[in-house]
Amino acid sequence: QVQLVESGGGLVQAGGSLRLSCAASGRYTMGWFRQAPGKEREFVGAIKWSGGSTSYADSVKGRFTISRDNAKNTVYLQMNSLKLEDTAVYYCAAGPRFGSSWYSPTPAAWSYWGQGTQVTVSS
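Numbers given for residues are sequential positions, taken from 1 along each chain in its written order. It should be noted that, the model being predicted, local features are given only for residues of pLDDT at least 70 and side-chain atom pairs only at 80 or more, the latter also being counted only at that level, while totals for whole chains, interfaces and linings use all residues. Think of the side-chain values as coming from all heavy atoms in the structure, minus any hydrogens and water.

A look at the sheet that holds strand S1 (residues 4–7)
Working step 1: Pairing between two strands requires that DSSP report at least two bridges joining them. The secondary structure listing takes helices from DSSP runs of H or I that are at least 4 residues long and strands from runs of E that are at least 2 residues long, numbered from the N terminus. What the four strands build is an open sheet, ordered S1-S3-S8-S7; its pairing is antiparallel. With one partner strand each, in any of the chains shown, S1 and strand S7 (64–69) form the two edges of the open sheet. Pairwise comparison of adjacent strand axes, ignoring direction, gives a mean angle of 15° for this sheet.
Working step 2: Sheet topology places S7 next to strand S8 (residues 74–79); six bridges connect them, and they run antiparallel. When the sheet's bridge partners are listed, Ser67 is paired in S8 with Tyr76. To obtain an axis, a line is fitted to C-alpha atoms, over the contacting stretch when the element is a helix, and the angle between two such axes runs from 0 to 180 degrees between their N-to-C directions.

Structural notes on unusual backbone geometry
Working step 1: Positive phi, close to 50°, is recorded for Asn73, a residue that is not glycine.
Working step 2: Examined against the element boundaries, Asn73 turns out to sit in the loop between S7 and S8.
Working step 3: Overall, the relative accessible area of 37% leaves Asn73 in the partly exposed class.
Working step 4: Phi is positive for Ser81, close to 50°, though the residue is something other than glycine.
Working step 5: Considering the arrangement of structural elements, one finds Ser81 in the loop between S8 and strand S9 (88–95).
Working step 6: Here the term buried applies to any residue with accessible area under 20% of the maximum for its type, exposed to any over 50%, and partly exposed to those in between, with areas from a 1.4 Å probe on protein chains only. Relative accessible area serves as the criterion here: at 42%, Ser81 is assigned to the partly exposed category.

Quick notes on the pattern of salt bridges
Working step 1: What makes a salt bridge here is a side-chain nitrogen of Lys or Arg within 4 Å of a carboxyl oxygen of Asp or Glu, nothing more. Taken as a whole, this structure holds four salt bridges when the rule is applied.
Working step 2: In this structure, Asp86 and Arg63 form a salt bridge, with 2.7 Å as the shortest nitrogen-oxygen distance. Taken as a pair, Asp86 in the loop between S8 and S9 and Arg63 in the loop between strand S6 (54–56) and S7 lie far apart in primary sequence, 23 residues in all.
Working step 3: Look at Arg63 and you get buried, because its relative accessible area is 10%.
Working step 4: Sharing partners across several salt bridges, the network here consists of Arg34, Glu42, Arg63 and Asp86.

Brief notes about the side chain of Ser55
Working step 1: Locating Ser55 in the fold gives a position in strand S6.
Working step 2: As used in this structure description, the phrase polar contact means that two N or O atoms lie within 3.5 Å; if the pair is within protein, one of them must be able to donate a hydrogen and the other to accept it, and residues adjacent in sequence are counted only when both atoms belong to side chains. Side-chain polar atoms of Ser55 contact the side chain of Tyr103, separated by 2.7 Å.
Working step 3: Each residue touching Ser55, except ones within four places of it in the same chain, is listed here: Phe43, Val44, Gly45, Ala46, Ile66, Trp102 and Tyr103. Contact definition: two residues touch when any of their heavy atoms are within 4.5 Å.

Looking at the state of the cysteines
Working step 1: Any cysteine sulfur atom paired with another within 2.5 Å is treated as part of a disulfide. Overall, the coordinates contain one disulfide when judged by the stated rule.
Working step 2: Here Cys22 connects covalently by a disulfide to Cys92, the sulfurs 2.0 Å from one another. Judged by the torsion about the S-S bond (60°), the Cys22/Cys92 disulfide is right-handed. Of the two residues, Cys22 sits in strand S3 (residues 18–24) while Cys92 sits in strand S9, which places them 70 residues apart along the sequence.

As far as function goes, none of this settles anything; it's purely spatial.
See below:
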């Protein structure tokens, strides 16, 4: 089975940065999602196994960067210029197939999930 383990969450001031890591076994498209209190889980970004393609939600575009180091079986989410509204539990996900698309922004389309890591942005 696929095991996904997130790390790197914590407390950071608005305008600061955090780097999340997801240890991920297997050759899968990887995604990052987040869920704030009282809100549904939302798409943050995705990256192909090759790293050749990435996609981001409009809310994080230009601030967050997804990358991966396949030699280390690790996917990263570099979060810069953090805002209060970025506060959420962040999850990594893996998916082997998404029909005609290489990823999906819909949580239900993904096969495997990590346990989540809390990111709290303070003022």
